[in-house]
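Listed here are the chains, written in short residue letters.
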Amino acid sequence: MANKRQKLENIKDKFHTGLFEEASIREIEKSFKESKPYLHCKIDTLVTDQLLRNVRQEILENISFTLKETDIYKVNQTGDLANLDGLSKKELKMLASVFELRNAIYSSEFRDFISSVTDCGPLSGSKMDMSINSYQEGCHLLNHDDVIGTRRVSYILYLTDPDQPWKREEGGALELYPVIEKGTPATEPTVMIPPQWNQFVMFTVQPGHSFHSVEEVVSSRNRLSISGWFHIPQEGEVGYRVPSQEESDAAKSSLEQLIEEQDTSENFQKYTVENQEEEEIVGLTEDVLVELAEFMNPHFLDLSIVTQMADKFLDESAVQCKQFLNEATLAKLEEATTALDKEDGVLSGKEGMPAHGTGIRPGWIVQGPPHRSRFMVNTSQDDIFAYLKSKFESESFRLWLQTITQLLPMGYRGQARRFRPGHDYTLATTNTRGQGLLDVTFCMVHAPETWEDGEVGGYECYMAPHDEEEDAAVYKAADEEGALLNLSAGRNELSLVLRDEGIMRFIKYVSAKAKGSRWDIAFEYDLPEGFGGSDDDEEDEEEEEEEEEEE
């Protein structure tokens, strides 16, 4: 008993005075139970100041970070601190305080404290899940619910500069989202928690409810933190039980759920022209060319240019048209986009995060849900965006697409969109329809030279399907195997891409430092059955051809 009491006192010495006292526990428990939009709380001071200062110094002097970037985040990160046990004595001495802090956080005493204030039941003492994150300028983490495997409680311990308090306008706040219904978060957060030195934030991992994000850091300072998860008891530990099938299904990662829940419905607006057969289409007649010339650059109506584009599309399944709109139409679009960006204060790329709700006005609404995507959609019937959308739906444009792709679209669905700096993106989604889609996207940005290298985001990325053993949340850089095509945001550019079954696609989060919004007219065209199916279908066709040749 004396040894146990001594051990408890040793653990208490690592934490802020009074944390384990009954009054403190009851106050934190009350805050947790009454919290919205879901169960969470923050402890303003978690550990002793000197211990955390030593931890911060060891991190900055002795630990190297790896920049990790996917469709959902950009962050500098270390490996799992559970691996500290495998370090040599010399290496461990350099991280003695980090090791001390890790052991204190995963001690039975602190786990019992967490269990008590959250009422989450017993927590695993064998499964440690903890890393150090350095969010520097441009780093962010988009909306997700943290549901993977046996995670039970998520936590963050902030190690920002203790002598220069973090300012709200520097970004980096933890954002918590309410849900419209289970599994569907609202488009905007209702709770924002700016980082503070030695602050500890935790919440229970709740499938379909615990949606959160980390706001982009917009200062040159380092938002340093330690984050991780407490897990439910593992096999052989007190409190372990075999999970039910329902619990196993709930433990699937958000990404796995999204892949399974892809929109495969046939919600395309069908073309109503009677002659749907490809051989009966008359092509680019004079009347068609006249109608297209109302908004298109005449260069792309020149039949010799169209032929070159058709050859390129046949070889590469993709083609880009620069300077796509004619001068008169482009001038109207530039006037409209410039006016809206100026009115919302996002044209200059100035420091600071635009407020949530920026850009909402008659004719523009925010579309989500943000664990899939967030951007603005034009709902007007009589502006330049509605005009261009109608042209993309027209029979004349359909015939132009057919001439270039040699594929006759059977239907369409599309939107005029705005991706606001500091807010908007689409996460990777997979074509699961069983056949190909024709993606046609017109893009418009200001200061296009500032978008070319992708540093401010806004680019469109097409990815090959992931290997089963690969982390599906991670995409590979353009110069590595995996990314099939990267299209940087440009001014007055149209892209045509044939997206086969299984191909993933996303538009990278637009950074707050972007000089204006990414505007686009984005359409998907339904293709005749049999185009762009799975590799299995192609292999079956090849085998059939080989068998026929042998016969």
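Note that the structure is predicted; figures quoted are calculated from it, not measured. (Residues numbered from 1 in each chain as written. Predicted model: local features only at pLDDT ≥ 70, side-chain atom pairs only at ≥ 80, totals over all residues. Heavy atoms only, no water.)

Chemist: Got a minute to help me understand the overall build of the chain in this structure?
Modeler: In terms of regular secondary structure, the chain is built from 14 helices and 25 strands. Within the span of the chain, comprising 551 residues, buried residues form 50% of the whole. Across the chain, contacts joining residues at least 24 apart in sequence account for 82% of those joining residues at least 6 apart. Here the chain displays about 26,000 Å² of accessible surface, and carbon together with sulfur accounts for 47% of that area. (Helix = DSSP H or I, 4+ residues; strand = E, 2+ residues; numbered from the N terminus. Buried < 20%, exposed > 50% of the residue type's maximum accessible area, 1.4 Å probe, protein only. Contact = heavy atoms within 4.5 Å. Areas by Shrake-Rupley, 256 points an atom, 1.4 Å probe, with all protein chains shown as cover.)

Chemist: Even after reading the chapter, I still don't get the pattern of salt bridges, so can you show me in this structure?
Modeler: Pairs can form between side chains of opposite charge once their charged atoms are near each other. In this structure the tally under the stated criterion is 36 salt bridges. Close ionic contact of R398 with E395 constitutes a salt bridge, the shortest N to O distance being 3.1 Å. You can see R398 and its partner E395 sitting in helix α13 (residues 395-405), 3 residues apart, about one turn around the helix. On the basis of relative accessible area, R398 is assigned to the buried category, the value being 0%. We classify E395 as partly exposed; its relative accessible area is 26%. Counted as one network, the salt bridges with shared partners bring together R413, D439, E460, R499, R505 and E524. (Salt bridge = Lys/Arg side-chain N within 4 Å of Asp/Glu carboxyl O.)

Chemist: Just checking my understanding: could you explain helix α10 (residues 303-316) for this structure?
Modeler: Because an α-helix packs 3.6 residues into every turn, residues spaced three or four apart end up facing the same way. When the terminal C-alpha atoms of α10 are compared, their 20 Å separation across 14 residues agrees well with the 20 Å that a helix rising 1.5 Å per residue should span. Within the sequence span of α10, burial applies to I305, V306, M309, A310 and F313. Taken around the axis of α10, the buried residues stretch over an arc of 140°, which confines them to a single face. Residues of α10 that are exposed and angled more than 90 degrees away from the buried face: Q308, L314 and D315. Just beyond α10, the residue with positive phi is S317, at close to 60°. (Expected span 1.5 Å × (residues − 1). Arc of directions from axis to C-beta.)

Chemist: Looking at this structure, I do not really get helix α6 (residues 108-118). What am I missing?
Modeler: Within α6, 8 of the 11 residues are buried, which leaves it mostly tucked inside the rest of the structure. Taken together, the buried positions of α6 are E109, F110, R111, F113, I114, S115, V117 and T118.

Chemist: Would you explain the environment of I193 in this entry?
Modeler: Inspection of the secondary structure puts I193 in strand β10 (residues 191-193). A relative accessible area of 6% places I193 in the buried class. Separated by 17 residues in sequence, I193 and L176 have C-alpha atoms that sit 8.4 Å apart.

Chemist: Where do I start with the packing of α10 against α13 in this structure?
Modeler: A pair of packed helices is characterised by two quantities: the angle between their axes and the separation of those axes. The interhelical angle for the contact between α10 and α13, taken along N-to-C directions, is 60°, at an axis separation of 7 Å. Looking at the two axes, α10 sits oblique to α13. Contact residues: V306, M309, A310 and F313 in α10; W400, T403, I404 and T405 in α13. For the contact of α10 with α13, a count of residues per class yields 6 nonpolar, 2 polar and no charged. (Axes fitted to C-alpha atoms, helices over the stretch in contact; angles between N-to-C directions. Parallel < 35°, antiparallel > 145°, perpendicular 65-115°, else oblique. Nonpolar A, V, L, I, M, F, W, Y, C, P; charged D, E, K, R; others polar.)

Chemist: Would you take a moment to explain the nonpolar core for this structure?
Modeler: Nonpolar side chains tend to gather and get buried jointly when the protein is soluble and globular. Counting 45 residues, the largest nonpolar core has F324, F397, W400, L494 and Y525 as the members making the most contacts within it. Counting residues per element, this core draws most heavily on α13, which supplies 5 residues. What F324 contacts, discounting residues up to four positions off in sequence, is F295, M296, N297, F300, F397, W400, F442, N492 and L494. The next biggest cluster of nonpolar side chains, apart from the first, holds 43 residues, and it includes V98, F113, M128 and L157. (Core = buried A, V, L, I, M, F, W, Y, C linked by side-chain atoms within 4.5 Å.)

Chemist: Would you explain the packing of aromatic side chains in this entry?
Modeler: The geometry of two aromatic rings is summed up by the distance between their centres and the angle between their planes. Within the structure shown, the criterion is met by 26 aromatic pairs. Ring centres of Y38 and F203 lie 5.7 Å apart, and the angle between their planes is 70°; this geometry places the pair in the edge-to-face category. In this pair, Y38 is assigned in the loop between α2 (22-33) and β1 (40-43) and F203 in strand β11 (residues 200-204), connecting sequence segments 165 residues apart. Each ring, one from F110 and one from F230, has its centre 6.3 Å from the other, and the planes form 50°; the classification is tilted. One end of the pair, F110, is in helix α6; the other, F230, is in strand β13 (residues 223-231), with 120 residues separating them in the sequence. (Phe/Tyr/Trp six-rings, centres within 6.5 Å; stacked < 30°, edge-to-face > 60°.)

Chemist: Sorry if this is basic, but what is going on with unusual backbone geometry here?
Modeler: For residues besides glycine, phi is generally negative; the peptide bonds are generally trans as well. Of note, the bond from K36 into P37 is cis; its omega dihedral lies within 30 degrees of zero at 5°. On the secondary structure map, P37 appears in the loop between α2 and β1. A cis geometry characterises the amide bond from G368 onward to P369, with omega recorded as 0°. Of note, P369 is situated in the loop between β16 (364-367) and β17 (373-378).

Chemist: Explain the packing of helix α11 (residues 327-343) against helix α12 (residues 384-392) here, please?
Modeler: Relative orientation of the contacting elements α11 and α12 amounts to 135°, with a least axis distance of 10 Å. As judged from the angle between their axes, α11 and α12 are oblique. Of the residues in α12, those touching α11 at T329, K332, L333, A336, T337 and L340 are I384, F385, Y387 and L388. Residues of the contact of α11 with α12, tallied by class, amount to 7 nonpolar, 2 polar and 1 charged.

Chemist: Teacher, can you tell me more about the side chain of D344 here?
Modeler: Within the secondary structure layout, D344 lies in the loop between α11 and β16. Overall, the relative accessible area of 18% leaves D344 in the buried class. Once you skip the residues sitting within four places of it in the chain, D344 turns out to touch T358, G359, R361 and R418.

Chemist: For this particular structure, what's the right way to read the pairing of β17?
Modeler: One face of the sheet, then the other: side chains in a regular strand alternate in exactly this way. Among the 6 residues in β17, 6 count as buried, and that is most of the element. Burial along β17 is two-sided: the residues S373, F375 and V377 and R374, M376 and N378 are all buried. Sheet topology places β16 next to β17; 4 bridges connect them, and they run antiparallel. Counted as the bridge partner of V366 is M376 from β17. (Pairing = 2+ DSSP bridges.)

Functional significance is not addressed by these values, which are geometric in nature.
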